[in-house]
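# Working through the structure, step by step
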Amino acid sequence: MSDPRPIGVFDSGVGGLTVLRELQQQLPQESTIYFADLGHFPYGPRYQAQVRHFALNIIRFLEKLDVKMVVIACNTATAAALNTAREVFDIPIIGVITPGAEAAVAVTRNKKVGVISTEGTLQSQEYLHTIREANPTISVFPKAAPKLVDLVEAGKAQAPETEDVLREDLEDIQRFGADTLILGCTHYPLLRPLIGKILGDEVTVVDSAETTAARVKRVLAKNGLEYADHETPRHQIYVTGSPERFTKTARILFGQDLPPITTVRLELVEAMTGREGAA
Ligand code: DGL
């Protein structure tokens, strides 16, 4: 069996592109639709109920575009909406928290794991629960690092001001003695060069892009949903806000291979999905 339908992937902005890039690398034959909810960026400081409302609307929109699976390429939205989404929709839905947490559990030697994330993800305590579920003897040090999200979205992943913020955000985790750091926000993998510079080789940095893509591959295979033919895949991007800043940062990741970007109006997404108003 071969299923040519695209995989839907979404985030509030450029962060989820780190997951999309890995998906395209591990599953080069699959078509994708990426949705960036720029009109509601950032998700991190918002109430969970509101992020859940946005996420469910986006999944409905992607479902109308006939995706065969959805990847919530955003930790904040995974924490807020994954369980509900799985109750509401019939297509497989994959989040980014469990893959990252499991990867950290597998690599930590001193059983001290640091997690940087948005405020929303920290409040949900999803990383703590998932790690403790896998191994109750691991200590977890969570830290919200919201300024980094804005800096990455603004294309300042390598800027000196970003290095200053990062040094401050990582200080407590270094003092805690973590040998493993989870990048609990999909925007952060873009900061890897700076993180490596600050932490050196002592700390293993884990992001969920690779492990999430591996999980997508397994779930597609298990359900007979892979696309096995060799026609060129089609990639599309939808955004709900002004695409200029997004496009600039996205080009750092995709270069000339950046898929075409279509701006959709938020009201249109709401209308298409048959829901009006915000939560
Ligand atoms: N990239 C997202 C995450 O993983 C959200 C960042 C934001 O919108 O605050 O949490």
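Structure shown above.
Residues numbered from 1 in each chain as written. Predicted model: local features only at pLDDT ≥ 70, side-chain atom pairs only at ≥ 80, totals over all residues. Heavy atoms only, no water.

### Some thoughts on the sheet that holds strand β2 (residues 32-36)
Strand order in this open sheet of six strands is β4-β3-β1-β2-β9-β10, and the pairing throughout is parallel. Edge strands, defined here as strands with exactly one partner in the open sheet, are β4 (93-94) and β10 (261-263). Pairing of strand β3 (residues 69-72) with β4 involves two bridges; the strand directions are parallel. Bridging from a neighbouring strand, V70 pairs with I93 of β4. Against the sheet, helix α1 (residues 17-26) touches β1 (7-11), β2, β3 and β9 (235-239), its axis set at about 175 degrees to β2. (Pairing = 2+ DSSP bridges. Helix = DSSP H or I, 4+ residues; strand = E, 2+ residues; numbered from the N terminus. Contact = heavy atoms within 4.5 Å. Axes fitted to C-alpha atoms, helices over the stretch in contact; angles between N-to-C directions.)

### Describing the sheet that holds strand β5 (residues 112-117)
Taken in spatial order, the four strands make up an open sheet running β6-β5-β7-β8, and their pairing is parallel. Of all strands in the sheet, those bounded by a partner on one side alone are β6 (139-144) and β8 (204-207). Ignoring strand direction, the axes of neighbouring strands in this sheet form an average angle of 20 degrees. Both strand β7 (residues 180-184) and β8 contribute to a ladder of four bridges, which runs parallel. If you follow I182 over to β8, its bridge partner there is V206.

### Observations concerning unusual backbone geometry
Residue P42 is bonded to the preceding F41 through a cis peptide linkage, with omega at -5 degrees. Among the structural elements, P42 can be located in the loop between β2 and α2 (48-64). Despite not being glycine, D66 shows a phi value in the positive range, around 65 degrees. Tracing the backbone through its elements, the reader meets D66 in the loop between α2 and β3. On the basis of relative accessible area, D66 is assigned to the partly exposed category, the value being 42%. Positive phi, close to 60 degrees, is recorded for K111, a residue that is not glycine. Mapped onto the secondary structure, K111 falls in the loop between α4 (97-107) and β5. (Buried < 20%, exposed > 50% of the residue type's maximum accessible area, 1.4 Å probe, protein only.)

### Thoughts on the nonpolar core
Counting 52 residues, the largest nonpolar core has L17, L181, Y188, V216 and F246 as the members making the most contacts within it. When near neighbours in sequence (up to four residues on either side) are disregarded, Y188 contacts I116, S117, T118, A145, P146, L148, V149, L183 and I195. Membership of the second largest hydrophobic core comes to 27 residues, among which are F35, F54, A77 and L82. (Core = buried A, V, L, I, M, F, W, Y, C linked by side-chain atoms within 4.5 Å.)

### Observations regarding the site of the ligand
Among the 14 residues in the neighbourhood of the ligand, the closest are listed as S12, Y43, N75, T76 and H187. In the model, an oxygen atom of the ligand is placed 2.8 Å from a nitrogen or oxygen of the G44 main chain. A distance of 2.7 Å separates a nitrogen atom of the ligand from a polar side-chain atom of H187. Taken together, the residues that form the shell around the ligand break down as six nonpolar, seven polar and one charged. (Near = heavy atom within 4 Å. Polar contact = N/O pair within 3.5 Å; in protein donor to acceptor, adjacent residues only side chain to side chain. Nonpolar A, V, L, I, M, F, W, Y, C, P; charged D, E, K, R; others polar.)

### Some points on the side chain of T108
Along the chain, T108 turns up in the loop between α4 and β5. Of the polar contacts made by the side chain of T108, one reaches the backbone nitrogen of K111; its length is 3.0 Å. With residues up to four places along the chain from it excluded, the contact list for T108 reads V113, I138, D179 and T180.

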